Amino acid sequence: QVQLVESGGGLVQAGGSLRLSCAASGRTFSNYVMGWFRQAPGKEREFVAAISRDSSSLLHADSVQGRFTISRDNAKNTLYLQMNSLKPEDTAVYYCAATNRWSTMPTMYPDWGQGTQVTVSS
């Protein structure tokens, strides 16, 4: 349906910032609800944020509320996650994903990127 490639991960100190990008190709990007998820070693994949097709609806997990912001640029076929005030517990592989219906559940997203590592040192 759609191919997704994340970028922008890396190693940062606690309190720092990173901006993740997710480039989409294939089917029309603007037709998809998009989400960010993350998975730390030994833990289940968890919801981070989601955004509607036209950016009219945004939702962020309680754990990142006020620190992370999801956005999209449909003209550029790109999804973003601005991450500020990073904490060591934010360390994880971050994935972007696409679905046809609004959801915060990983199992409801059929299309996924390869992931990008974010490591936050204390």
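Described below are features of the structure shown in this document. Source: prediction; values computed, not measured.

### A look at the sheet that holds strand β3 (residues 18–26)
Then comes step 1: Strand order across the open sheet formed by four strands is β1-β3-β8-β7, with antiparallel pairing between neighbours. Strands with a single pairing partner mark the edges of an open sheet, and in this sheet they are β1 (2–7) and β7 (68–73). Averaged over all adjacent pairs, the angle separating strand axes in this sheet is 15°, with direction ignored.
Then comes step 2: When β7 meets strand β8 (residues 78–83), the two strands line up antiparallel, connected through six bridges. Residue threonine 69 lies in a different strand from β8, and its bridge partner there is glutamine 82.

### Here we look at the state of the cysteines
Then comes step 1: Tallying each qualifying case throughout the model produces one disulfide.
Then comes step 2: Across the disulfide, cysteine 22 is cross-linked to cysteine 96 (sulfur-sulfur distance 2.0 Å). Because the sign of the S-S torsion sets the handedness, a value of about 55° for the bond joining cysteine 22 and cysteine 96 places this disulfide among the right-handed ones. With cysteine 22 in strand β3 and cysteine 96 in strand β9 (residues 92–99), this pair connects stretches of sequence that are 74 residues apart.
Then comes step 3: Residue classification places cysteine 22 among the buried residues on the basis of a relative accessible area of 0%.

### Notes on the pairing of β3
Then comes step 1: Here β1 runs beside β3; their pairing, made up of six bridges, is antiparallel. Paired with leucine 4 across the strands is alanine 24, a residue of β3.
Then comes step 2: Bridge count between β3 and β8: six bridges; the pairing is antiparallel. In the sheet register, leucine 18 faces β8, and the bridge partner there is methionine 83.

### Quick look at the packing of aromatic side chains
Both the distance between ring centres and the angle between the ring planes are used here to describe each pair of aromatic rings.
Then comes step 1: Across all of its chains, the model carries five aromatic pairs by this definition.
Then comes step 2: Judged by centre distance (5.8 Å) and plane angle (70°), the rings of phenylalanine 37 and phenylalanine 47 are edge-to-face. Note that phenylalanine 37 is positioned in strand β4 (residues 33–39) and phenylalanine 47 in strand β5 (residues 46–51), a separation of ten residues in sequence.
Then comes step 3: Ring plane angle 75° and centroid distance 5.0 Å describe the contact between phenylalanine 37 and tyrosine 109, whose orientation is recorded as edge-to-face. Separated by 72 residues along the polypeptide, phenylalanine 37 in strand β4 and tyrosine 109 in the loop between β9 and β10 (111–112) bring together distant segments of the chain. Taken as a pair, phenylalanine 37 and tyrosine 109 share a single burial class, namely buried.
Then comes step 4: Cluster of aromatic residues (ring-pair linked, three or more members): Phe37, Phe47, Tyr95, Tyr109 and Trp112.
Then comes step 5: Of note, arginine 45 hangs over the ring of tryptophan 112, and the distance from its end group to the ring centre comes to 4.8 Å.
Then comes step 6: A cation over a ring is seen here: arginine 72 above phenylalanine 29, with NZ or CZ 4.4 Å from the ring centre.

Reading the values: the criteria
Each chain carries its own residue numbering, running from 1 in the written order of its sequence. This being a predicted model, a pLDDT of at least 70 is required before a residue's local features are given, and a value of 80 or more before pairs of side-chain atoms are given or counted; all residues contribute to the totals for chains, interfaces and linings. Calculated side-chain values reflect all of the structure's heavy atoms, with hydrogen atoms and water omitted. Note on pairing: DSSP must find at least two bridges between two strands before they are called paired. In this text, helices come from DSSP runs of H or I with a minimum length of four residues, and strands from runs of E with a minimum of two, each type numbered from the N-terminal end. Axis definition: a line fitted to C-alpha atoms, over the contacting stretch in the case of helices. Angles run 0 to 180 degrees between N-to-C directions. In this description, the term disulfide denotes a pair of cysteine sulfurs within 2.5 Å. Exposure is judged per residue with a 1.4 Å probe applied to protein chains only, and the accessible area is read against the type maximum: over 50% gives exposed, under 20% gives buried, and values in between give partly exposed. A pair of Phe, Tyr and Trp rings is counted when the ring centres sit within 6.5 Å of each other, with Trp represented by its six-membered ring. The angle between the planes then sorts it: under 30 degrees is stacked, over 60 is edge-to-face, the rest tilted. Sitting over a ring, as applied to charges here, requires NZ of Lys or CZ of Arg to be within 6 Å of the ring centre and within 35 degrees of the ring normal.

Remember that the coordinates give geometry; whether it matters functionally is a separate question.
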